[in-house]
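Chains, contacts and geometry: an overview
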Amino acid sequence: MEVRDLTVRHGQLQALTAVSLRVDAGETLAIIGANGAGKSTLLRTIAGLHAPAAGAILLEGREVTGLAPHRRVAAGIVLVPEGRRMFPSLTVEENLLVGAHRARSGGWGLARVLELFPWMAERRRQLTAQLSGGEQQAVAIGRALMANPRVLLLDEVSLGLAPAVVRRLYDLLPELLRAGVTVLLVEQDVGHALRVADRAQCLLEGRTTLEGRPADLTAAQVEAAYFGLAAHTAAGGEEPWSG
Amino acid sequence: MVWVNALVQGLLLGGLYALFACGLSLMFGVMRVVNLAHGDLAVLAAYLALPLIAVLHLPVLVAALLVTPAFALIGYGVQRTVIQRSLDVGPLTTLLVMFGLAIVIQNGLLQALSANSRSLDVGTLASASFRVNGQVSVGYLSMLIFAVAIVVLLALQALLSLTAVGRRIRAAADDQEAASIVGTDTRHVFGIAAALAFGTIALAGLAFGMYSSFDPSIGPQRLIFAFEAVVIGGLGSLWGTLAGGMVLGVAQTLGAQVDPSFGVLAGHLVFLAVLAFRPSGLIPARVT
């Protein structure tokens, strides 16, 4: 999947400025960045929830920029949204089944998701309000997998969850990748993101400030790109802001 | 015994109110649309059935089988065009648009068909009744309408809880955006929900037309009964709507037993009492 020069505005605010990225089949790309850097906006725009002011989104060379969200699901782009967004009046199983409506053909189905999360089988008739945050996040991921995504967009999986739970969820990634799913994830927790990703891209105020393989990035580089310290010096000649 | 008779009539009338109110409940529960044109749409459905019964002399059942699906289709169309567009702007716009739709229907009917009062002629069915004893007798028409109401509520409940499309309707009602990113075309699903609602509105409109007379201006008065049944029963619960309809029906007939002019007022008083002491209704929905 490829994103070209994506610019997104929320009213007066320019949330993303000419952001480009490319993620190849079976690869994991992590988008990192501070609060308000535009990470979630990027994923939501790829999923079709925001219309970009400029730029294009391509899936296997085919442009999907103008498609409605549910059509992108059919094309293979599925978002696991920030905050999990369960359907509270539906049971666990019903939540999963809703995700299968526009499923592409492929290996994922109810049986396989229940195999991936064995605890779900015996709790499939419960409402999601009775689940813990980590369990709800697992249902959200399972619900997305039901559509047999080509590209899985994970938005802030770690939000509000205990580190051990987050680790368990991220440990599932290799299995998804083996099944041929491409993962684009957004994380505030840089440690988790760099641990699981093949490549990382850092956003700051809606622009890409750094990209590379986690192994090639130094802590100082990441810190600078994350907080924008290097951006001013690298731009050269700009007066540092002094309040 | 006259009180028992009033009670029985009230319960049966409650079936009609529940049939009428479930569409209002559905549109609010799924799309968050307060359908102020609900009563006028029911009147419109009765006017659509009028030529089928009065001119073509079709049996009532056949007329219902023609008008109900037609009205469901109209519901899908109205949702996809007028209502969805107003929803995209905001809830206040939707309220105003539904109010406008109500006025358009009332005045359209008045202009085209005059203010004369009409009714759907169902022949002897209207007056035939099953006599339990000297003072209690139950009209076949009321029983038929009650039975239709129960069947419709059961069918709606089954559709919403057991079918894939019902699951998607509930999902879209819970969280429209989340439903769209896992593959649900929420506009289409809202259209289906509106079609279901309009179908029940048509049935209720026909039932009202057989029960009593109607004219172009009677819609808003009927709408109040639907609101009252929904609120008494508890928003978002179909069985609550049935309970609410029955409580309202019984309040009206018992009130009318005290004094014929007291019936409607008694219904309003019960409604106000529920609002004051049990604002979530008799059978609140599990999840709001």
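Keep in mind the model is a prediction, meaning the values are calculated, not measured.

Observations concerning the overall build of chain A
The helix and strand tally for chain A stands at 11 helices and 10 strands. Relative to a compact globule of 243 residues, whose C-alpha radius of gyration would be 18 Å, chain A shows 18 Å and is just as compact. Reported as C-alpha extents along the three principal axes, the dimensions of chain A are approximately 60 × 40 × 35 Å. Per-residue burial for chain A yields a buried fraction of 53% across its 243 residues. Of all intrachain contacts in chain A linking residues separated by at least 6 positions in sequence, the fraction that spans at least 24 positions is 68%. For chain A, the accessible area works out to roughly 10700 Å², and carbon and sulfur atoms hold 50% of it. Of the charged side chains in chain A, 25 are positive and 25 negative, and the gap between their average positions amounts to 8 Å.

Considering helix H7 (residues 163–170) of chain A
Residues and elements named next belong to chain A. Within the span of H7, buried status applies to Val166, Leu169 and Tyr170. End-on view of H7: buried residues confined to an arc of 95°, all on one side of the axis. Those residues of H7 that are buried lie in contact with helix H6 (133–145), helix H8 (173–178), strand S8 (182–187) and helix H9 (190–196).

Some remarks on the side chain of Arg222 of chain B
Residues and elements named next belong to chain B. Positionally, Arg222 belongs in helix H9 (residues 219–233). The side chain of Arg222 sits in the buried core without any salt bridge; Asp215 is the nearest counter-charge, 7.5 Å away. There is a polar contact of 3.2 Å between the side chain of Arg222 and the backbone oxygen of Ser213.

Section: the packing of helix H1 (residues 2–31) of chain B against helix H2 (residues 38–54) of chain B
All names here are of chain B. As a packed pair, H1 and H2 sit with axes 11 Å apart at the nearest point and diverge in direction by 125°. The angle between H1 and H2 falls in the class oblique. In the packing of H1 onto H2, the handedness of the crossing is right-handed. From H1, Phe20, Gly23 and Leu24 reach across to H2, where they touch His38, Gly39 and Ala42. Considering only residue class, the contact of H1 with H2 consists of three nonpolar, three polar and no charged.

Thoughts on the packing of aromatic side chains
In this structure the tally under the stated criterion is six aromatic pairs over all chains. Ring plane angle 65° and centroid distance 5.0 Å describe the contact between Tyr226 of chain A and Phe227 of chain A, whose orientation is recorded as edge-to-face. Taking the relative accessible area as the measure of exposure, Phe227 of chain A reaches 53% and is therefore exposed. A network of ring pairs unites the aromatic residues Tyr17, Phe20, Phe208 and Phe225 of chain B as a single cluster. The positively charged end of Arg112 of chain A is found above the aromatic ring belonging to Trp108 of chain A, 4.1 Å away from the centroid. Cation over ring: Arg32 of chain B sits above Phe28 of chain B, and NZ or CZ is 5.7 Å from the ring centre.

A few points about the nonpolar core
The biggest cluster of nonpolar side chains holds 85 residues, and the ones touching the most others in it are Phe87 of chain A together with Met31, Leu120, Leu206 and Phe214 of chain B. Take this core: its biggest share by element is 14 residues, from H1 of chain B. Those residues in contact with Leu120 of chain B, other than ones at most four positions away along the chain, are Ala46, Ala49, Leu50, Ile53, Leu206, Gly209, Met210 and Phe214 of chain B. In this structure, Val139, Val183, Val196 and Ala197 of chain A belong to the second largest nonpolar core, which totals 48 residues.

Side note on the interface of chain B and chain A
On the side of chain A, 22 residues touch chain B, which itself brings 18 residues to the contact. Both sides of the chain B and chain A interface together cover about 2000 Å² of buried area, and 59% of this is carbon and sulfur. For the chain B face of the interface with chain A, the top three residues by lost area are Arg167, Ile181 and Val182 of chain B, together amounting to 33%. Run the count over chain B and chain A and you get four salt bridges. Residues Arg44 of chain A and Glu177 of chain B are paired through a salt bridge, measuring 2.7 Å at the closest nitrogen-oxygen approach. Across the chain B-chain A interface, the total number found is eight residue pairs in polar contact (both at pLDDT 80 or more). When grouped by side-chain class, the residues that make up the side of chain B that touches chain A number six nonpolar, four polar and eight charged.

Observations concerning the sheet that holds strand S1 (residues 2–10) of chain A
All names here are of chain A. Read across the open sheet, the four strands follow the order S2-S1-S4-S5; overall the sheet is antiparallel. Two strands lie at the open edges of the sheet, namely strand S2 (13–22) and strand S5 (62–63), each paired on one side alone. In terms of strand pairing, S1 meets S2 through six bridges, oriented antiparallel. What sits directly across from Val8, in S2, is Leu16.

Observations concerning the packing of H2 of chain B against helix H4 (residues 91–113) of chain B
Residues and elements named next belong to chain B. Where H2 meets H4, the closest approach of the two axes is 9 Å, and the angle between their N-to-C directions is 30°. One way to sum up the angle between H2 and H4 is to call them roughly parallel. Judged by the sense of rotation from one axis to the other, the crossing of H2 with H4 is left-handed. Contacts between H2 and H4 involve Asp40, Leu41, Val43, Leu44 and Tyr47 on the former and, on the latter, Ala102, Ile105, Gln106, Leu109 and Leu113. Residue composition of the contact of H2 with H4, by class: eight nonpolar, one polar and one charged.

A few points about the pattern of salt bridges
Side-chain pairs of opposite charge can arise whenever the charged atoms involved come near each other. Across all of its chains, the model carries 15 salt bridges over all chains by this definition. One salt bridge in this structure joins Asp175 of chain B and Arg85 of chain A, with 2.6 Å as the shortest N-O distance. Taken together, the residues Asp175 of chain B in the loop between helix H6 (164–174) and helix H7 (176–181) and Arg85 of chain A in the loop between strand S6 (77–80) and helix H3 (92–98) connect one chain to another. The class for Asp175 of chain B is buried, based on a relative accessible area of 14%. Across the pair Glu93 of chain A and Arg125 of chain A runs a salt bridge, and its minimum N-O distance is 3.1 Å.

Concerning the side chain of Glu187 of chain A
All names here are of chain A. One can find Glu187 in strand S8. No salt bridge is formed by the buried Glu187; its nearest oppositely charged neighbour, Lys39, is found at 7.9 Å. Side-chain polar atoms of Glu187 contact the side chain of Ser158, separated by 2.8 Å. Not counting residues up to four positions away in its chain, the partners in contact with Glu187 are Ile31, Ile32, Gly33, Lys39, Glu156, Val157, Ser158, Tyr170 and Ala193.

Comments concerning a nonpolar patch on the surface
Residue and element names in this part refer to chain B. A contiguous nonpolar surface patch, about 330 Å² in accessible area, is contributed by Leu154, Trp239, Leu282 and Ile283. On the secondary structure map, Leu282 appears in the segment after helix H11 (263–277). The exposure class of Leu282 is partly exposed, given its relative accessible area of 33%.

The rules behind the values
- Residues numbered from 1 in each chain as written.
- Chains lettered and ligands numbered in written order.
- Predicted model: local features only at pLDDT ≥ 70, side-chain atom pairs only at ≥ 80, totals over all residues.
- Heavy atoms only, no water.
- Helix = DSSP H or I, 4+ residues; strand = E, 2+ residues; numbered from the N terminus.
- Rg over C-alpha atoms; globule rule 2.2 N^0.38 Å.
- Buried < 20%, exposed > 50% of the residue type's maximum accessible area, 1.4 Å probe, protein only.
- Contact = heavy atoms within 4.5 Å.
- Areas by Shrake-Rupley, 256 points an atom, 1.4 Å probe, with all protein chains shown as cover.
- Lys, Arg positive; Asp, Glu negative; His and termini not counted.
- Charge placed at Lys NZ, Arg CZ, Asp CG, Glu CD.
- Arc of directions from axis to C-beta.
- Salt bridge = Lys/Arg side-chain N within 4 Å of Asp/Glu carboxyl O.
- Polar contact = N/O pair within 3.5 Å; in protein donor to acceptor, adjacent residues only side chain to side chain.
- Axes fitted to C-alpha atoms, helices over the stretch in contact; angles between N-to-C directions.
- Parallel < 35°, antiparallel > 145°, perpendicular 65-115°, else oblique.
- Left-handed = near helix turned anticlockwise from the far one by under 90°.
- Nonpolar A, V, L, I, M, F, W, Y, C, P; charged D, E, K, R; others polar.
- Phe/Tyr/Trp six-rings, centres within 6.5 Å; stacked < 30°, edge-to-face > 60°.
- Lys NZ or Arg CZ within 6 Å of the ring centre and 35° of its normal.
- Core = buried A, V, L, I, M, F, W, Y, C linked by side-chain atoms within 4.5 Å.
- Buried area = accessible area lost by both parts, 1.4 Å probe.
- Pairing = 2+ DSSP bridges.
- Patch = residues over 30% accessible without salt bridge, like charges linked within 9 Å, V, L, I, M, F, W, Y side chains within 5 Å.

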